[in-house]
Amino acid sequence: MLLLDRIYENYKANGDRVAYESCGDSLTYKELWEQSDRLAFFLWKYYGDKDEKQPVIVYGHKRALMPVCFLACVKAGRPYCPVDTSMPDTRIRDIAEAMGNPIVLATEDFPIEEGRVLNEVVIRGLAGSSETPEEFERKISPEDTYYIIFTSGSTGKPKGVEISYSNLSCFADWSADFFPEGARIMNQAPFSFDLSVMDTYSALAGGCSLYGLPKDMQKECGQTLEFIRTNRIQYLVSTPSFVNMLLADKTFCEDDFPDIVQFLFCGERLTKETVRRIWERFPNARIINTYGPTESTVAVTSVEITGDMLDTEDELPIGRVKPGSRIIIEDDEIIICGDTVSSGYFRDEEKTGKTFFEKDGMRCYRSGDRGYFRGDMLYYTGRKDNQIKLHGYRIELGDIESNLIGINGITEAAVLPKMKDGTIKSLTAFVAAGGCGDNAAAADRDCPELTFQEVKEIKARLAEKLPAYMIPKKIRAVAEMPRNINGKTDRKRLEQML
Ligand code: AMP
């Protein structure tokens, strides 16, 4: 069923139910539907004919206007691109430039000049205006792009993944079943990450209530727990990293949080250790592991973890493939095919051609993940390339490396993950500044160490271009980058220097 039809049914059946709540704002299904109709009408009337189907940036964090803007854009036949307030200006500018003078619906102050910005006051006015016809006739078709989410790109510029209305509807038809109608679900991820699609659209498709945890509250475990308690959250959707952080607080247990019934994970490896720790505190909770990339609409496999698995498996599985999708393993690589695979990267045929292809009438995506099947159960064994997950965030190491070059005379950079207990704990950047130390033969020797001030400056300049989670913890100078026989950076040798 198409997603907007499902949301419409919830609006008709349970208009007064909370659809979304965050930052002190609350939105019922009735408000969400009717306000987005009005805003859609405006977008269509004033901008519709001129550049129909051009994407709109929806800028902000978690306020209730965000989902109103999302639905308004798509009802008006335009894809939206969610941009979170935590994104640095340069990154926002890259996205706005890629889109070409887009309309911007800004629910918080928009930090750059580019784009035709409609601010919160205007949006609220339009979303509340009574100028709309009784019901707005939706302009989106199944093959149209529904949203574009930008993710780290290895060349230093983010790449936009286009997800169609049909992709998202197929995904939501499957994912809504993880939550019963009326469930109280927590949203942890910002809307600019596709993990948020899991909670947002499963909730709206399934007639649930979604509670958005603002980023300020995430900084303090105590505040996050207070949020979970006061909103009587039953279903958590997050990365394992996030729950590991909560588990550090001893009060996070069933006695204090009797409403919690399920943890649904996606985005990074779920370890047996995390599962054991959860069950020690929440012996009755269901734990579900799901797997998938942004390029195939959040997730394509799922499995409910059982006690048996802890005893019999070395590594926990990532699940069985959802209906409508197919997974092929080719040279160890997980290839995802089917109804949720994106058409490709926004206005980038070259990148799209490298990883997307058609097979037997199905859209397919080379995930870069390694894996294997045992029966119908899929297992994940790692990556083929330099894409990593740090605290649940997807990062191309090449993205950081490209952005380091040019800062304070840096001519070459290599960023390496530091592992502990099989998980990436932090990043270290090795930088060569050309000419530092004339004895170039001593390639694996550190340059005279960077001063505290130099490191601080490099990090600050990098933070102008990259989100905070991408800034390496350590920056170390090398006289010259070590090379392997092919002349490439010898990452193995750098690893030994970590
Ligand atoms: P993203 O596009 O941010 O959702 O990141 C997708 C990548 O995260 C995948 O290609 C995998 O490398 C990794 N990933 C997602 N889910 C899991 C999981 N359940 N277990 C291990 N890795 C995962």
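For the structure, see preceding data.
Keep in mind the model is a prediction, meaning the values are calculated, not measured. (Residues numbered from 1 in each chain as written. Predicted model: local features only at pLDDT ≥ 70, side-chain atom pairs only at ≥ 80, totals over all residues. Heavy atoms only, no water.)

Peer 1: What should I look at first to understand the overall build of the protein chain in this one?
Peer 2: If you tally the helices and strands in the protein chain, you get 16 helices and 26 strands. For a compact globule of 498 residues, the expected C-alpha radius of gyration is about 23 Å, and the protein chain comes in at 23 Å, within 12% of that figure. Burial analysis of the protein chain (498 residues in total) assigns 57% to the buried set. Long-range pairs, those at least 24 residues apart, make up 67% of the contacts in the protein chain between residues at least 6 apart in sequence. When the 63 positive and 78 negative side-chain charges of the protein chain are each reduced to one mean point, those points stand 3 Å apart. (Helix = DSSP H or I, 4+ residues; strand = E, 2+ residues; numbered from the N terminus. Rg over C-alpha atoms; globule rule 2.2 N^0.38 Å. Buried < 20%, exposed > 50% of the residue type's maximum accessible area, 1.4 Å probe, protein only. Contact = heavy atoms within 4.5 Å. Lys, Arg positive; Asp, Glu negative; His and termini not counted. Charge placed at Lys NZ, Arg CZ, Asp CG, Glu CD.)

Peer 1: What is the right way to read the packing of helix 2 (residues 29-47) against helix 5 (residues 120-128) from this model?
Peer 2: Contact geometry of helix 2 with helix 5 gives a least axis separation of 7 Å together with a crossing angle of 110°. Viewed along their axes, helix 2 and helix 5 adopt a mutual orientation that is roughly perpendicular. The residues of helix 5 that touch helix 2, namely those facing Gln35, Arg38, Leu39 and Phe42, are Ile123, Leu126, Ala127 and Gly128. Classifying every residue of the contact of helix 2 with helix 5 gives 5 nonpolar, 2 polar and 1 charged. (Axes fitted to C-alpha atoms, helices over the stretch in contact; angles between N-to-C directions. Parallel < 35°, antiparallel > 145°, perpendicular 65-115°, else oblique. Nonpolar A, V, L, I, M, F, W, Y, C, P; charged D, E, K, R; others polar.)

Peer 1: What should I look at first to understand the site of the ligand in this one?
Peer 2: Around the ligand sit 16 residues in total, of which Thr290, Thr294, Asp369, Lys389 and Arg394 are the nearest. Residue Asp194 places a side-chain N or O atom 3.3 Å away from an oxygen atom belonging to the ligand. Look at the ligand: alone it shows 490 Å² of surface, and the protein chains cover 94% of it. Those elements giving two or more residues to the shell around the ligand turn out to be strand 13 (286-291) and strand 21 (377-383). Of all the elements, strand 13 adds the most residues to the shell around the ligand, at 3 residues. Its residues placed into classes, the shell around the ligand shows 4 nonpolar, 5 polar and 7 charged. (Near = heavy atom within 4 Å. Polar contact = N/O pair within 3.5 Å; in protein donor to acceptor, adjacent residues only side chain to side chain. Areas by Shrake-Rupley, 256 points an atom, 1.4 Å probe, with all protein chains shown as cover.)

Peer 1: Would you mind showing me how to read the environment of Gly77 here?
Peer 2: Residue position: Gly77 is located in the loop between helix 3 (65-75) and strand 4 (80-84). With relative accessibility at 4%, the residue Gly77 sits in the buried group. Residues Gly77 and Thr489, spaced 412 residues apart in sequence, show a C-alpha to C-alpha distance of 46 Å. Leave out the neighbours within four places in its chain, and Gly77 touches Lys53, Lys139 and Ile140.

Peer 1: Can you walk me through the pattern of salt bridges in this structure?
Peer 2: Opposite charge on two side chains lets them pair, provided their charged atoms get close. A full pass over the atoms with the stated rule returns 33 salt bridges. Ionic pairing is found between Asp173 and Arg6, a salt bridge with its closest N-O pair at 2.8 Å. In this pair, Asp173 sits in helix 6 (residues 165-175) while Arg6 sits in helix 1 (residues 3-13), placing the two residues 167 residues apart along the sequence. Of the residues examined, Asp173 reaches a relative accessible area of 27% and is grouped as partly exposed. Taking the relative accessible area as the measure of exposure, Arg6 reaches 18% and is therefore buried. A cluster of three or more residues bridged by salt bridges with shared partners is formed by Asp25, Arg63, Glu108, Glu120 and Arg124. (Salt bridge = Lys/Arg side-chain N within 4 Å of Asp/Glu carboxyl O.)

Peer 1: What's the story with the side chain of Glu396 in this structure? I'm lost.
Peer 2: For Glu396, the location among the structural elements is in strand 23 (residues 393-396). Residue contacts for Glu396: discarding those within four places in its chain leaves Ser152, Gly153, Ser154, Lys159, Asn386 and Gln387.

Peer 1: Explanation requested: unusual backbone geometry in the structure shown.
Peer 2: One can expect most non-glycine residues to show negative phi and most peptide bonds to be in trans. Unlike most non-glycine residues, Arg347 shows phi in positive territory, near 50°. By secondary structure assignment, the location of Arg347 is in the loop between strand 18 (344-345) and helix 13 (349-355). Backbone geometry places Asp360, a non-glycine residue, at a positive phi of 45°. Within the secondary structure, Asp360 sits in the loop between strand 19 (356-359) and strand 20 (362-374). The class of Asp360 is exposed, set by a relative accessible area of 63%.

Peer 1: Can you walk me through the nonpolar core in this structure?
Peer 2: If you look at soluble globular proteins, the nonpolar side chains tend to sit buried side by side. Residues Leu105, Tyr146 and Tyr201 are the most contacted members of the largest nonpolar core, which totals 82 residues. Judged by nonpolar contacts, the second largest core, of 33 residues, contains Val18, Leu236, Phe252 and Leu316. (Core = buried A, V, L, I, M, F, W, Y, C linked by side-chain atoms within 4.5 Å.)

Peer 1: It is not clear to me how the packing of helix 1 against helix 7 (residues 195-206) should be interpreted in this structure. Could you clarify?
Peer 2: When two helices pack together, their arrangement is given by the angle between the helix axes and by the axis-to-axis distance. Put simply, helix 1 and helix 7 touch, their axes get as near as 7 Å, and they point 55° apart. Classified by the angle between their axes, helix 1 and helix 7 sit oblique to one another. Residues Leu3, Arg6, Ile7 and Asn10 of helix 1 pack against Tyr201, Leu204, Ala205 and Gly206 of helix 7. A class-by-class count of the residues in the contact of helix 1 with helix 7 yields 5 nonpolar, 2 polar and 1 charged.

Peer 1: Even after reading the chapter, I still don't get the layout of surface pockets, so can you show me in this structure?
Peer 2: By rolling a water-sized probe across the atoms, one finds the places where empty space is left. By volume, the second largest pocket amounts to about 440 Å³. Looking at the second largest pocket, it is lined by 19 residues, and the ones nearest its centre are Ser154, Lys159, Thr355, Asp385 and Glu396. For the lining of the second largest pocket, the secondary structure elements donating two or more residues are helix 13, strand 20 and strand 23. Counting residues per element, the lining of the second largest pocket draws most heavily on strand 20, which supplies 4 residues. Considering only residue class, the lining of the second largest pocket consists of 2 nonpolar, 7 polar and 10 charged. (1 Å grid on protein atoms, 1.4 Å probe; cavity = no way out; pocket = protein on both sides within 12 Å on 5 of 7 lines; lining within 4 Å. Points joined across faces, edges and corners; volume = space filled by probe spheres on them.)

Peer 1: Before we go on, may I ask you to explain the sheet that holds strand 26 (residues 474-477) in this structure?
Peer 2: Two modes of strand pairing occur in sheets, parallel and antiparallel, and in both the strands are linked by backbone hydrogen bonds. The mixed open sheet is built from 3 strands, whose spatial order is 24-25-26. What marks the edges here is a single partner per strand, and that holds for strand 24 (412-420) and strand 26. Taken pair by pair, the neighbouring strands of this sheet meet at an average axis angle of 25°, ignoring direction. Taken together, the 4 bridges between strand 25 (residues 423-432) and strand 26 define a ladder with parallel strand orientation. When the bridges of strand 26 are listed, Ala429 appears paired with Ile475. Contacts from helix 14 (residues 397-404) reach strand 24 and strand 25, with the element oriented near 140° to strand 24. (Pairing = 2+ DSSP bridges.)

Peer 1: Looking at this model, I keep getting lost on the pairing of strand 23. Mind explaining?
Peer 2: The side chains of a regular strand alternate, residue by residue, between the two faces of the sheet. Taken together, the 4 bridges between strand 22 (residues 387-390) and strand 23 define a ladder with antiparallel strand orientation. Across the sheet, the residue bridging to Gln387 is Glu396, located in strand 23. The loop that links strand 22 with its antiparallel partner strand 23 comprises 2 residues; one of these, His391, has a positive phi angle of about 50°.

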